[in-house]
Amino acid sequence: MEVGSSKSKDVLYIKNMVCPRCIMAVKGILDDEGIPYMNVSLGEITLNGKITPEKREGLNERLEKIGFTIINDRKGQLIEQIKNLVIEAIHYTGPMEKVKWPEYLSDGLHLDYKYLSSLFSAVESITLEQYIINQKIEKIKEFLVYDELGLKEIAFQLDYSSVAYLSNQFKKVTGMTPTQFKKSAIQNRISLDDI
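Since we're looking at a predicted model, the values are computed, not measured.

We now examine the domain arrangement of the protein chain. By a widespread convention, an interface's size corresponds to the accessible area lost as its parts come together. Per the domain assignment, the segments of the protein chain are domain 1 (8-71) and domain 2 (73-186). Each partner contributes residues to the interface: domain 1 has 12 residues there, and domain 2 has nine residues. Taking both sides of the interface into account, the surface hidden between domain 1 and domain 2 amounts to around 870 Å²; carbon and sulfur atoms contribute 56%. Summed over the three residues of domain 1 that lose the most area to domain 2, namely Tyr13, Leu42 and Ile71, the buried surface amounts to 60% of that side. The interface formed by domain 1 and domain 2 holds zero salt bridges in total. Our count for the domain 1 to domain 2 interface comes out at four residue pairs in polar contact (both at pLDDT 80 or more).

Take the pattern of salt bridges next. Scanning the model with the defined rule gives six salt bridges in all. The shortest N-O distance in the salt bridge between Arg62 and Glu33 comes to 2.8 Å. Taken together, the residues Arg62 in helix α2 (residues 53-65) and Glu33 in helix α1 (residues 20-33) connect sequence positions 29 residues apart. Classification of Arg62 by relative accessible area gives partly exposed; the value is 27%. Residue classification places Glu33 among the partly exposed positions, given a relative accessible area of 23%. One network of salt bridges, with partners in common, ties together Asp32, Glu33 and Arg62.

On to the packing of aromatic side chains. Applying the stated criterion to the full structure yields four aromatic pairs. Pairing Trp101 with Tyr104 gives two aromatic rings, centres 5.5 Å apart and planes at 90°, and the pair type is edge-to-face. Of this pair, Trp101 and Tyr104 both sit in helix α4 (residues 101-109), three residues apart, which is roughly one turn of that helix. We classify Trp101 as buried; its relative accessible area is 11%. Lying over the aromatic face of Tyr160, Lys136 brings its terminal NZ or CZ to 4.3 Å of the ring centre. When the ring centre of Phe143 is taken as reference, the NZ or CZ atom of Lys139 above it lies at 4.9 Å.

Criteria and cut-off values
- Residues numbered from 1 in each chain as written.
- Predicted model: local features only at pLDDT ≥ 70, side-chain atom pairs only at ≥ 80, totals over all residues.
- Heavy atoms only, no water.
- Domains from an automatic or database assignment.
- Contact = heavy atoms within 4.5 Å.
- Buried area = accessible area lost by both parts, 1.4 Å probe.
- Salt bridge = Lys/Arg side-chain N within 4 Å of Asp/Glu carboxyl O.
- Polar contact = N/O pair within 3.5 Å; in protein donor to acceptor, adjacent residues only side chain to side chain.
- Helix = DSSP H or I, 4+ residues; strand = E, 2+ residues; numbered from the N terminus.
- Buried < 20%, exposed > 50% of the residue type's maximum accessible area, 1.4 Å probe, protein only.
- Phe/Tyr/Trp six-rings, centres within 6.5 Å; stacked < 30°, edge-to-face > 60°.
- Lys NZ or Arg CZ within 6 Å of the ring centre and 35° of its normal.

Following this line, the structure appears as structure tokens:
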């Protein structure tokens, strides 16, 4: 039950919420549990008030059944916020038009990019830059599978300087060119929450 603003609110950070269907699923659980909320977005629930530890545990159990979990530590929350900003920018907005990742993430989280990048690398065992590249590669795969755009349009959409640069990066990550991927019968795509 989405409700208006209140003096007391609680923000919960949720791991693995990576798509609009995830948001709908979480809203359904909140409604079923009778937990009033102000907003649900990727990786985040803004509750309308505080909930008891028992309600929180019950909510977490329901969330875990569908692959989500409440993140309790600050570092984990930051990592999930970084991932959600990257996913939102790459998968759910229009053309990227020169996204400057250090500025975008620093502005979005109000923290120094060097701190965010080193924290991400330490916790995730992959650099933030590689995570961004992996997300872009998955978006390229999506475009190729659905045959929506040519490589030139895909390069533009994802802010690659050229088709050659996109193709080289794609091959470096996947081991095949975009054309080979498109022709392959396998077309292995990775779920966003597994990247």
